[in-house]
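Each chain, written out:
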Amino acid sequence: MKKLTFLLLLTAISIAAFPQNKDAILGKWINSSGEAHIDITKRGDKYFGKIVWLKEPKDEKGNNKTDVKNPDESLKSKPILGLEILKNFVFEDGKWTDGKIYDPKSGKTYSCNMTLKSNDVLNMRGYVGISLLGRSETWKRVK
């Protein structure tokens, strides 16, 4: 019985400690639609992510896809591949908060929070104003 109690305690401690690893999100992730891989990196104390792979990198004319939906005219010719879509996330209380996520399909930028469900599953919550008014996605780590 003592061994079982110890094992349960050890498991609970390891689960509770898991979200505390602030660099656990570093690496490549595939978005929920499977259309893109995003490489999450760290600069200083903040986290960023850029598109490093696209399932369909070319448009119907055979040209590299560009950020045509961007509201800034000067950025519409910028390639989607290499585009930074996650910006300025900080690690706080077991999650990555206060960041922004850009959706190249709509040209819109949203506030965003990220949490790790497990080492290979990342929950994303993009929203406008308050977190209740938003959309969630689950990204998986690229193996």
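Residues numbered from 1 in each chain as written. Predicted model: local features only at pLDDT ≥ 70, side-chain atom pairs only at ≥ 80, totals over all residues. Heavy atoms only, no water.

Asker: Please set out the environment of Pro71 residue by residue, giving values where relevant.
Answerer: By the element assignment, Pro71 lies in the loop between strand E3 (46-54) and strand E4 (84-92). On the accessibility criterion, Pro71 (66% relative accessible area) is exposed. (Helix = DSSP H or I, 4+ residues; strand = E, 2+ residues; numbered from the N terminus. Buried < 20%, exposed > 50% of the residue type's maximum accessible area, 1.4 Å probe, protein only.)

Asker: Account for the confidence of the model for the protein chain, with residues named and values stated.
Answerer: Here the protein chain averages 89 in pLDDT, while 86% of its residues score no lower than 70. Contacts for the low-pLDDT stretch residues 3-19, under 50 throughout, to residues beyond four places or in other chains number five contacts. (pLDDT = per-residue confidence, 0-100. Contact = heavy atoms within 4.5 Å.)

Asker: Break down the nonpolar core for me, with residues and values.
Answerer: Among the nonpolar cores identified, the biggest contains 23 residues, and Ile40, Leu86, Met114, Leu122 and Trp139 are the most heavily contacted of them. Elements with a contribution of two residues or more to this core: strand E2 (36-43), E3, E4, strand E5 (95-103), strand E6 (108-118) and strand E7 (121-127). Residues contacting Leu122, with those up to four places away along its chain left out, are Ile25, Trp29, Ile40, Met114, Thr115, Leu116, Glu137, Thr138 and Trp139. (Core = buried A, V, L, I, M, F, W, Y, C linked by side-chain atoms within 4.5 Å.)

Asker: If you had to explain a nonpolar patch on the surface to someone new, which residues and values would you point to?
Answerer: Taken together, the side chains of Ile130, Leu132 and Leu133 make up a nonpolar region of the molecular surface, amounting to roughly 360 Å² of accessible area. Relative to the helices and strands, Leu133 resides in the loop between E7 and strand E8 (134-141). (Patch = residues over 30% accessible without salt bridge, like charges linked within 9 Å, V, L, I, M, F, W, Y side chains within 5 Å. Areas by Shrake-Rupley, 256 points an atom, 1.4 Å probe, with all protein chains shown as cover. Salt bridge = Lys/Arg side-chain N within 4 Å of Asp/Glu carboxyl O.)

Asker: Which residues make up the environment of Tyr127, and what are the values?
Answerer: The residue Tyr127 is located in strand E7 in this model. Classification of Tyr127 by relative accessible area gives buried; the value is 13%. Ignoring anything within four residues of it in the chain, the contact list for Tyr127 reads Tyr110, Ser111, Cys112, Asn113, Leu133 and Gly134.

Asker: Could you give me a rundown of the pairing of E8, with the residues and numbers involved?
Answerer: Sheet topology note: the strand E1 (residues 27-30)/E8 ladder contains two bridges and is antiparallel. When the sheet's bridge partners are listed, Trp29 is paired in E8 with Arg141. Where E7 lies against E8, seven bridges are found, and the strand directions are antiparallel. What sits directly across from Tyr127, in E8, is Gly134. Linking two consecutive strands that pair antiparallel, namely E7 and E8, is a turn of six residues; a positive phi of about 80° is found at Gly129 within it. (Pairing = 2+ DSSP bridges.)

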